[in-house]
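So the chains spell out like this:
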Amino acid sequence: MKKFLILAVFLANLFAGDLMYSSVVKNVSISENLSDISGKLLPTNPVEILETKNGIVKFAVMGYQNPASPNIVYFTPKARILVISFAKTKMPKFEILAQEDGFNKVKVIAYTKDGDWSSNLEQMFSTAQTKFEESCGVCHPLHHPHTQVANRWPAFIKSMQSRTPLNQDEIWVITQYLQKHSKDFNIKESK
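None of these values were measured; they are calculated from a predicted model.

Trainee: How should I be thinking about the overall build of the chain in this particular structure?
Mentor: Looking only at helices and strands, one finds five helices and ten strands in the chain. Burial analysis of the chain (191 residues in total) assigns 40% to the buried set. Summarising the internal contacts of the chain: among those between residues at least 6 apart in sequence, 63% fall at separations of at least 24. When the accessible surface of the chain is totalled, it reaches about 10,700 Å², and 55% of it is carbon and sulfur.

Next comes the structure, spelled out in structure tokens:
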């Protein structure tokens, strides 16, 4: 029994403090009560796993908040690349770290169900690129990520998604891939 408890504690803290990326859109809560959904975390955004206990992950995420729309956190102040959003009636406490280009750089702590995490962002982007090329190059010449600005990709993908076999999580991962490799923003250059 003692060995089991030690193993359980070890496994619970295995990912604590690690950067991970959700591979799906995840419901989030501002408390450990996951039945009270507060918002959504989008895939491919880095989160720091603070604690995993009983299937519940406590995590921290950073990004940029427009003071005019404080319930949304963006990946950069230069484009509308969503990281996490909350219902206006269920806002968490944001820690303001700095100000940049009229945005607040913020950190927020939230909770979600364990599972659907990856530590390999490049593999997620590679899979998204393949699905994009296989699904979107069938009907017309393929538009490469750098041919559009980041803010244009979500509407472009939404207008075509009904013509593809992709599910909503795949659509979000592809959209994030395209935005983060767009004409006006490239994730490799932002590191």
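Trainee: Quick question: what am I supposed to make of the packing of helix α3 (residues 153–160) against helix α4 (residues 168–179) here?
Mentor: How two helices sit against one another is set out by the angle between their axes and by the gap between those axes. Put simply, α3 and α4 touch, their axes get as near as 9 Å, and they point 145 degrees apart. Of the two possible hands of crossing, α3 and α4 adopt the one that is right-handed. Seen from α3, the contacting residues are W153, P154 and I157; seen from α4, they are I171, T175, L178 and Q179.

Trainee: Quick question: what am I supposed to make of the packing of aromatic side chains here?
Mentor: As enumerated under the stated definition, the model contains seven aromatic pairs in all. Judged by centre distance (6.0 Å) and plane angle (80 degrees), the ring pair of F86 and F94 falls under edge-to-face. Each member of the pair, F86 as well as F94, is classed as buried. Linked through ring pairs, F132, W153 and F156 together constitute an aromatic cluster. Residue placement shows K26 over the ring face of W117; its charged tip is 5.0 Å from the ring centre. Above the plane of the ring of F75 lies K180, whose end atom (NZ or CZ) is 4.3 Å from the centre.

Trainee: I'm lost on the layout of surface pockets in this one. Help?
Mentor: A probe as big as a water molecule, rolled over the atoms, marks out the empty space that is left. Each pocket or cavity is described by its volume, and for the second largest pocket that value is around 170 Å³. Lining the second largest pocket, in full, are V24, V25, K26, N27, L34, I37, T112, K113, D114 and D116. Elements with a minimum of two residues in the lining of the second largest pocket: β2 (26–28) and β9 (103–113). Counted by class, the lining of the second largest pocket contains four nonpolar, two polar and four charged residues.

Parameters at a glance
Residues numbered from 1 in each chain as written. Predicted model: local features only at pLDDT ≥ 70, side-chain atom pairs only at ≥ 80, totals over all residues. Heavy atoms only, no water. Helix = DSSP H or I, 4+ residues; strand = E, 2+ residues; numbered from the N terminus. Buried < 20%, exposed > 50% of the residue type's maximum accessible area, 1.4 Å probe, protein only. Contact = heavy atoms within 4.5 Å. Areas by Shrake-Rupley, 256 points an atom, 1.4 Å probe, with all protein chains shown as cover. Axes fitted to C-alpha atoms, helices over the stretch in contact; angles between N-to-C directions. Left-handed = near helix turned anticlockwise from the far one by under 90°. Phe/Tyr/Trp six-rings, centres within 6.5 Å; stacked < 30°, edge-to-face > 60°. Lys NZ or Arg CZ within 6 Å of the ring centre and 35° of its normal. 1 Å grid on protein atoms, 1.4 Å probe; cavity = no way out; pocket = protein on both sides within 12 Å on 5 of 7 lines; lining within 4 Å. Points joined across faces, edges and corners; volume = space filled by probe spheres on them. Nonpolar A, V, L, I, M, F, W, Y, C, P; charged D, E, K, R; others polar.

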